[in-house]
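Structure at a glance
Listed below are the residues making up each chain.
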Amino acid sequence: MDDSALLERQHGKASLAFVYLAFLFPAMAGFLFGYDIGSTSGAVRSLRLLVGFEAKGMWTSAITSASLMGATLGSVLAFWVGEPLGRRRELLVGSSLYLFGSLLCVAAPESGAAYGAVFAGRWLYGLGVAFSMHAAPVYISEMAPSAVRGMLVGGKEGFIVGGILAGFAAAAVGEAALPATSVFRGVWALPVPISLVIFGGMWLMPPSPRWLLLRAASSSARQDLEGSPVLDPGGRSAALAALSRFRRGSSPSAVEAELAAIEATLAEVSVARAGSWAEMLTSRRALLAGLGLISLQQLTGQPSVLYYQDAIFRDAGFGDFASKAGVLVGVAKLAATVCSVAAVDRFGRRPLLQAGIGMMTMALLLLAVGFQFKVPGEAPGEYVLPPGAWPPVVVFALMLYVCGYQVGFGPIAWLIISEVFPIKTRTRALSMAVTVNFGFNLLVTFLLSPLQTALDALSPGKGSSYLFAIYAALCLVSSTFVHACVPETKGKSLEQIEAMLR
């Protein structure tokens with residue numbers, strides 16, 4: 001009997017159907033995150049036509065990065081408010097911020113004041129990204145059975161990539177079908193109905209049973225003889241009711257046993273320290289695995305390599321289509337993500353991470369060698385790949401890199417951080433991980449230009465080659481780190497993972 005048949009026998013078809021439905025709404029929140037990435041450049045081109053780019057260049061840069069600013073701040077806020085809100089209400093807040101941020105952009109006035117309104121809307125949207133991306137992986141991992149947890153948490157990454165493609169498509173359709181100065185309104189209107197669907201769906205979904213138990217334990221004033229909290233009966237009943245909805249078709253004894261395992265984990269750490277800095281710092285192995293992985297996800301060059309995609313496609317002979325190469329890259333990313341999501345619960349997290357990092361290392365070495373062959377171009381200071389064998393090779397290397405990233409780091413890093421942190425510190429630890437992720441993304445992006453300039457000063461035209469070699473070396477560091485520090489969590493309940501890392 002295969003895993004899916006065994007799972008249906010244990011939990012019932014109705015249980016999995018409800019789990020998949022509950023997964024859909026946080027995954028759609030991820031879709032809107034990706035949509036923002038894919039649609040921003042096209043929307044901003046339209047906005048510049050409306051208010052005059054020459055006088056508003058600084059505002060254009062601010063609007064382009066406004067959602068990332070909001071996301072970075074929001075991930076810090078989630079550190080403090082995430083636990084009281086809970087995963088479900090965080091997603092409700094995130095969808096509301098998506099809604100109001102989008103409406104501000106769509107309703108921007110037909111004047112120079114449009115920039116202020118759009119900036120505020122983009123900033124609110126970024127806050128929505130932070131709350132949604134903080135809560136979504138935890139909500140999914142805490143409600144899903146262990147046998148499909150990897151597929152569902154990784155599936156959220158697939159929705160993000162799908163959102164990026166949808167953003168590209170929306171901008172292209174808008175530029176073809178709408179007046180040039182109205183494209184940004186049409187592009188930023190699409191999240192409005194989707195955010196309403198997310199809000200309505202999460203309103204109907206139960207809270208995370210683990211969060212309900214944690215809140216019941218944290219608010220309990222009574223302790224047993226061993227100092228463990230005596231749960232308030234009402235809180236325990238609410239957790240049991242929520243878990244029963246996620247495990248429809250399972251026997252009451254199986255649901256009760258799963259709830260008892262969560263309670264046993266909660267009883268092992270003092271409630272007085274639950275969620276505190278002291279409690280979080282005791283989880284050193286989990287922090288090392290989660291924060292290290294999410295840092296290396298960015299430090300291996302993902303924001304920087306994609307910066308060169310237009311130049312790579314142009315040198316390969318794609319001409320004017322090079323500017324739309326993001327569509328091809330997005331399709332490759334989506335295909336690789338689907339393969340990773342389909343395989344993660346069968347092969348495990350560590351093998352996919354190592355496979356993805358291996359693909360990235362090979363790609364970066366090819367890029368490093370290929371960019372050594374760049375020659376002076378027609379413009380002063382310009383260096384291009386000469387015609388011949390190397391342009392197709394570097395195109396292949398770029399596609400191999402993005403596929404490797406989506407097989408490994410892309411979905412698996414987010415899956416690991418949703419699994420390894422203990423329940424009592426999960427909200428704050430995940431908030432720290434999200435902040436580190438956005439922070440290193442900003443750092444790598446901002447350091448790209450000065451670092452390449454410094455390397456070009458050592459050897460004109462070869463700076464990008466040395467940069468790729470540095471990223472390849474960091475991939476080797478990443479492979480060693482995964483081998484030494486990242487646990488295999490396939491098939492284990494969150495409570496078993498917590499005990500393993502204690």
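Anything mentioned here points back to the structure above.
Described below are features of the structure shown in this document.

Quick notes on the rules
- Residues numbered from 1 in each chain as written.
- Predicted model: local features only at pLDDT ≥ 70, side-chain atom pairs only at ≥ 80, totals over all residues.
- Heavy atoms only, no water.
- Helix = DSSP H or I, 4+ residues; strand = E, 2+ residues; numbered from the N terminus.
- Areas by Shrake-Rupley, 256 points an atom, 1.4 Å probe, with all protein chains shown as cover.
- Contact = heavy atoms within 4.5 Å.
- Polar contact = N/O pair within 3.5 Å; in protein donor to acceptor, adjacent residues only side chain to side chain.
- Phe/Tyr/Trp six-rings, centres within 6.5 Å; stacked < 30°, edge-to-face > 60°.
- Lys NZ or Arg CZ within 6 Å of the ring centre and 35° of its normal.
- Core = buried A, V, L, I, M, F, W, Y, C linked by side-chain atoms within 4.5 Å.
- Buried < 20%, exposed > 50% of the residue type's maximum accessible area, 1.4 Å probe, protein only.
- Axes fitted to C-alpha atoms, helices over the stretch in contact; angles between N-to-C directions.
- Parallel < 35°, antiparallel > 145°, perpendicular 65-115°, else oblique.
- Salt bridge = Lys/Arg side-chain N within 4 Å of Asp/Glu carboxyl O.
- Left-handed = near helix turned anticlockwise from the far one by under 90°.
- Nonpolar A, V, L, I, M, F, W, Y, C, P; charged D, E, K, R; others polar.

Considering the overall build of the chain
If you tally the helices and strands in the chain, you get 21 helices and two strands. Total accessible area computed for the chain in this model is approximately 19900 Å², and 69% of it derives from carbon and sulfur atoms.

Quick look at the environment of Ser 141
One can find Ser 141 in helix α4 (residues 114-143). In this structure the C-alpha to C-alpha distance between Ser 141 and Ser 493, which are 352 residues apart in sequence, comes to 9.6 Å. Ignoring any residue separated from it by four or fewer positions in sequence, one finds Ser 141 in contact with Arg 149, Val 153, Ser 418 and Leu 494. Within the local environment of Ser 141, its side chain forms a polar contact with the backbone oxygen of Val 138, the two atoms lying 3.1 Å apart. At a separation of 3.2 Å, a polar atom in the side chain of Ser 141 contacts the main-chain carbonyl oxygen of Ser 418.

Here we look at the packing of aromatic side chains
This structure, assessed with the given rule, holds nine aromatic pairs. On the basis of an interplanar angle of 75° and a centroid distance of 4.8 Å, the ring pair of Phe 79 and Trp 80 is categorised as edge-to-face. Within the aromatic cluster, the residues linked to one another by ring pairs are Phe 18, Tyr 139 and Phe 246. Here Lys 156 stacks its cationic end above the ring of Trp 414, 5.3 Å away from the centre of that ring. Stacked on the ring of Phe 18, the Lys or Arg Arg 248 has its end atom at 4.3 Å from the ring centre.

A few points about the nonpolar core
Core analysis: the largest hydrophobic core is formed by 94 residues, its most contacted members being Met 143, Leu 293, Leu 364, Leu 367 and Phe 421. By size, the runner-up hydrophobic cluster in this structure holds 17 residues, among which are Leu 47, Ile 63, Cys 105 and Val 183.

Some thoughts on the packing of helix α17 (residues 390-407) against helix α18 (residues 409-419)
Remark: α17 packs on α18, axes separated minimally by 4 Å, with the N-to-C direction vectors making an angle of 20°. Taken together, the axes of α17 and α18 lie roughly parallel to each other. Across the interface between the two elements, Gly 404, Tyr 405, Gln 406 and Val 407 from α17 touch Phe 409, Gly 410, Pro 411 and Ile 412 from α18.

Comments concerning the pattern of salt bridges
Counted under the stated rule, the structure contains 11 salt bridges. Salt-bridge contacts for Arg 210 lead to Glu 495; the nearest nitrogen and oxygen are separated by 2.8 Å. With a gap of 285 residues between them, Arg 210 in helix α8 (residues 209-218) and Glu 495 in helix α21 (residues 494-501) connect regions that are remote in the sequence. In this structure, Glu 419 and Arg 349 form a salt bridge, with 2.6 Å as the shortest nitrogen-oxygen distance. Within this pair, whereas Glu 419 is found in helix α18, its partner Arg 349 is found in helix α16 (residues 349-370), the two being separated by 70 residues in sequence.

Thoughts on the side chain of Arg 426
Relative to the helices and strands, Arg 426 is located in helix α19 (residues 426-458). Overall, Arg 426 belongs to the buried group, its relative accessible area being 1%.

Overview of the environment of Ser 418
Along the chain, Ser 418 turns up in helix α18. For the pair formed by Ser 418 and Leu 430, sequence separation is 12 residues and the distance between their alpha carbons is 7.3 Å. A polar side-chain atom of Ser 418 sits 2.7 Å from the main-chain carbonyl oxygen of Leu 415.

Some details on the packing of helix α12 (residues 284-299) against helix α20 (residues 463-485)
It is at 10 Å that the axes of α12 and α20 come closest, and there the two elements cross at 160°. Considered as vectors, α12 and α20 are oriented roughly antiparallel to each other. Our pair here, α12 against α20, has a crossing hand that is left-handed. Judged by residue contacts, Leu 288, Ala 289, Gly 292, Leu 293, Leu 296 and Leu 299 of α12 engage Tyr 471, Leu 474, Ser 478, Phe 481, Val 482 and Cys 485 from α20. Partitioning the contact of α12 with α20 into residue classes produces 10 nonpolar, two polar and no charged.

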